[in-house]
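An overview of the molecular structure
Listed here are the chains, written in short residue letters.
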Amino acid sequence: MANTLLPIDERNLSPDEVELLDKRRRRGQLFLVVGFQCLIVFTLVTLWAGQDFTLSPGWAHPMVYWDAITGALAVIFLLTGIRLRRGTNEFISY
């Protein structure tokens, strides 16, 4: 009997295809971890970026630029990680 927890297209995979699927999902988990780390850094740096944006004259706001880049990286990593982890129904801890 087929495992009903698996999506229909994953029920009849060869061992090599299962290995590629596992690699893709592990890479997705890695991207989720990196995305959450970037999100934490983005949140903490926002304090300095607000002060830099308020007090620095002209267009010289390096912390604001760094904060924007970190926030964009967090979004990119999180979305990519979610896309790569699609179809999984288990919690992987390693």
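Sequence order as written defines residue numbering, which begins from 1 separately in each chain. Owing to the predicted nature of the model, reporting of local features is limited to residues with pLDDT of at least 70; listing and counting of side-chain atom pairs is limited to 80 or more, with chain, interface and lining totals taken over all residues. For the side-chain quantities, the full set of heavy atoms in the structure was used; hydrogens and water were omitted.

**A short note on the packing of helix H1 (residues 15–55) against helix H2 (residues 62–84)**
Note the threshold: The angle between two axes is taken between their N-to-C directions and runs from 0 to 180 degrees, where each axis is a line fitted to C-alpha atoms and a helix contributes only its stretch in contact. Secondary structure elements follow DSSP: runs of H or I no shorter than four residues count as helices, runs of E no shorter than two count as strands, and numbering proceeds from the N terminus. Small angles under 35 degrees read as roughly parallel and large ones over 145 as roughly antiparallel, with 65 to 115 read as roughly perpendicular and the rest as oblique. Each helix crossing is assigned a hand: it is left-handed if the near helix lies turned anticlockwise from the far helix by less than a right angle, otherwise right-handed if that turn is clockwise. Think of it as three bins: nonpolar holds Ala, Val, Leu, Ile, Met, Phe, Trp, Tyr, Cys and Pro, charged holds Asp, Glu, Lys and Arg, and polar takes everything else, Gly as well.
For the pair H1 and H2, interaxial distance at closest approach is 7 Å and the crossing angle is 160°. As judged from the angle between their axes, H1 and H2 are roughly antiparallel. H1 and H2 meet at a crossing whose hand is left-handed. Residues belonging to the contact of H1 with H2 are distributed by class as follows: 22 nonpolar, seven polar and six charged.

**Considerations on the pattern of salt bridges**
It is possible for side chains of opposite charge to pair when their charged atoms get near one another. The condition is simple: Between Lys or Arg on one side and Asp or Glu on the other, a salt bridge is scored when a side-chain nitrogen of the former is within 4 Å of a carboxyl oxygen of the latter. Throughout, exposure labels follow a simple rule: accessible area from a 1.4 Å probe, protein chains only, divided by the maximum for the residue type, with under 20% read as buried, over 50% as exposed, and the rest as partly exposed.
With the rule as written, the count across this model stands at one salt bridge. For Glu 19, the salt bridge identified is with Lys 23, shortest N-O distance 3.8 Å. Linking Glu 19 with Lys 23, this pair stays in helix H1, spanning four residues, or about one helical turn. Using a relative accessible area of 38% as the deciding quantity, one classes Lys 23 as partly exposed.

**Looking at the packing of aromatic side chains**
The condition is simple: The criterion for an aromatic pair is that two Phe, Tyr or Trp rings (for Trp, the six-membered ring) have centres within 6.5 Å, with stacked assigned to planes under 30 degrees apart, edge-to-face to planes over 60 apart and tilted to the rest.
The tally for this structure, following the rule as stated, stands at one aromatic pair. Note on Phe 31 and Phe 77: the rings are 5.5 Å apart at their centroids and 70° apart in plane angle, and the pair reads as edge-to-face. Highlighted residues: Phe 31 in helix H1 and Phe 77 in helix H2, separated in sequence by 46 residues. Residue class for Phe 31 comes out partly exposed when judged on its relative accessible area of 21%.

**Observations concerning H1**
Threshold: By this rule, a helix spans an expected 1.5 Å times one less than how many residues it contains. Note that bend, as reported per residue, equals the angle between axes fitted to the 7 residues terminating at that residue and the 7 residues originating from it. Here a residue-residue contact requires only that any non-hydrogen atoms of the pair lie within 4.5 Å.
The first and last C-alpha atoms of H1 sit 59 Å apart over 41 residues, in line with the 60 Å expected at 1.5 Å per residue. Taken as a whole, H1 carries its principal kink of about 35° at Thr 46. Structurally, H1 contributes buried residues whose contacts are with H2.

**A closer look at the environment of Leu 84**
Summarising the element assignment, Leu 84 is placed in helix H2. Counting along the chain gives 60 residues from Leu 84 to Arg 24, while the straight-line C-alpha distance between them is 6.0 Å. Residue contacts for Leu 84: discarding those within four places in its chain leaves Arg 24, Arg 25, Arg 27, Gly 28 and Phe 31.

**A few points about H2**
With 23 residues, H2 should reach 33 Å at 1.5 Å per residue; the first-to-last C-alpha distance of 33 Å fits that figure. Within H2 the residues assigned to the buried category are Asp 67, Thr 70, Gly 71, Ala 74, Leu 78, Gly 81 and Leu 84. Against H1 lie the buried residues of H2.

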